[in-house]
Amino acid sequence: AQSVSQHNHHVILSEAASLELGCNYSYGGTVNLFWYVQYPGQHLQLLLKYFSGDPLVKGIKGFEAEFIKSKFSFNLRKPSVQWSDTAEYFCAVYTYKYIFGTGTRLKVLA
Amino acid sequence: KAGVTQTPRYLIKTRGQQVTLSCSPISGHRSVSWYQQTPGQGLQFLFEYFSETQRNKGNFPGRFSGRQFSNSRSEMNVSTLELGDSALYLCASSEGTDSSEAFFGQGTRLTVV
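Here the structure is a predicted model, which is why all the values come from computation and not from measurement.

Caption draft 1: Inspection of the nonpolar core at higher detail. Core analysis: the largest hydrophobic core is formed by 29 residues, its most contacted members being Trp35(A), Leu48(A), Phe74(A), Leu76(A) and Tyr89(A). At the level of elements, strand E2 (10-14), strand E3 (19-21), strand E5 (32-38), strand E6 (44-50), strand E8 (64-68), strand E9 (73-78), strand E10 (87-94) and strand E12 (104-109) of chain A are the ones that each hand at least two residues to this core. Ranked by residues supplied to this core, first place goes to E10(A) with 4 residues. Judged by nonpolar contacts, the second largest core, of 21 residues, contains Val32(B), Trp34(B), Leu46(B) and Leu110(B).

Caption draft 2: Spotlight on the side chain of Lys78(A). Residues and elements named next belong to chain A. For lysine 78, the position within the fold is in strand E9. In this structure the side chain of lysine 78 is engaged in a polar contact, spanning 2.9 Å, whose partner is the backbone oxygen of lysine 61. Of note is the side chain of lysine 78, whose polar atom sits 2.8 Å from the side chain of aspartate 85. Ignoring anything within four residues of it in the chain, the contact list for lysine 78 reads Ala17, Ser18, Leu19, Lys61, Gly62, Phe63 and Asp85.

Caption draft 3: A look at the interface of chain A and chain B. The interface of chain A with chain B comprises 18 residues on the first partner and 18 residues on the second. In total, about 1600 Å² of surface goes out of reach between chain A and chain B, with carbon and sulfur atoms giving 55% of it. The tally of links from chain A across to chain B stands at 0 salt bridges. Taken together, the elements giving at least two residues each to the side of chain A that touches chain B come down to E5, E6, E10 and strand E11 (98-100) of chain A. The dominant element in the side of chain A that touches chain B, judged by the number of residues it contributes, is E5(A), at 4 residues. Its residues assigned to classes, the side of chain A that touches chain B comprises 10 nonpolar, 6 polar and 2 charged.

Caption draft 4: Spotlight on the pairing of strand E3 (residues 19-24) of chain B. Residues and elements named next belong to chain B. Examined bridge by bridge, strand E1 (residues 5-7) and E3 share 3 bridges and lie antiparallel to one another. Pairing of threonine 7 across the sheet is with serine 22, part of E3. Pairing geometry for E3 and strand E8 (residues 74-78), over 5 bridges, is antiparallel. Considered in E8, the bridge of serine 22 is made with glutamate 75.

Caption draft 5: View of the state of the cysteines. Throughout the structure, instances matching the rule amount to 2 disulfides over all chains. Paired by a disulfide, Cys23(A) and Cys91(A) hold their sulfur atoms 1.9 Å apart. The sign of the S-S torsion, about -65°, decides the handedness of the disulfide formed by Cys23(A) and Cys91(A): left-handed. Of this pair, Cys23(A) sits in the loop between E3 and strand E4 (24-26) while Cys91(A) sits in strand E10; the two residues are 68 residues apart in sequence, bridging distant segments of the chain. On the basis of relative accessibility, which here comes to 0%, the residue Cys23(A) falls in the buried class. Disulfide partner of Cys23(B): Cys91(B), at an S-S distance of 1.7 Å. Linking Cys23(B) and Cys91(B), the disulfide has an S-S dihedral of approximately -55° and is accordingly described as left-handed. Residue Cys23(B) is located in strand E3, and its partner Cys91(B) is located in strand E9 (residues 87-94); the two are separated by 68 residues in the primary sequence. Of the two residues, Cys23(B) and Cys91(B), both sit in the buried class.

Each value, and the rule that gives it
Residues numbered from 1 in each chain as written. Chains lettered and ligands numbered in written order. Predicted model: local features only at pLDDT ≥ 70, side-chain atom pairs only at ≥ 80, totals over all residues. Heavy atoms only, no water. Core = buried A, V, L, I, M, F, W, Y, C linked by side-chain atoms within 4.5 Å. Buried < 20%, exposed > 50% of the residue type's maximum accessible area, 1.4 Å probe, protein only. Helix = DSSP H or I, 4+ residues; strand = E, 2+ residues; numbered from the N terminus. Polar contact = N/O pair within 3.5 Å; in protein donor to acceptor, adjacent residues only side chain to side chain. Contact = heavy atoms within 4.5 Å. Buried area = accessible area lost by both parts, 1.4 Å probe. Salt bridge = Lys/Arg side-chain N within 4 Å of Asp/Glu carboxyl O. Nonpolar A, V, L, I, M, F, W, Y, C, P; charged D, E, K, R; others polar. Pairing = 2+ DSSP bridges. Disulfide = S-S within 2.5 Å.

Here it is, written out as structure tokens:
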């Protein structure tokens, strides 16, 4: 069965620290990959997406992700986090439906 | 343009009752998907409607059903509520193609007591 694994459930960082959130998926076919963010009290918002082409994709708010097909991974990165990045982050694969990872709660300390 | 609107935002129901949740997608979007979000299980796919037809279905019991109207608005119904149905129910609207981005509503928080 298709699945998405996010290895870090809770991450705490200080402002200006670098961030990398891991995401691995299991699906043998062509996939569309997404990272969504859910800020406290707000709805899910798209951070970035990968369909094809350059495996390094850039999203909003300075986030980027790298698709490594051989590792079935789509890790999210940000060079320097801010307090406002405190949120829950979801990796997702879209085949005919979205399959979400369990999410990573990021807390950035000011 | 207006985003995805879900009503009501909060609901408290008693075990055994039924509930109907509503979702108005972004204008022009023909696909509406429903997800259940719980702390233990995360986001789980319930079903997707496209042009008034259920196109895909997740692994939920038959107590969970839905429909879509000609204006793309969708409703989700849960009958014979159980305590475990307490969750945030999210609706996502999209154009309905494989590469289309989903836009999520703020959800309906259902509490079953």
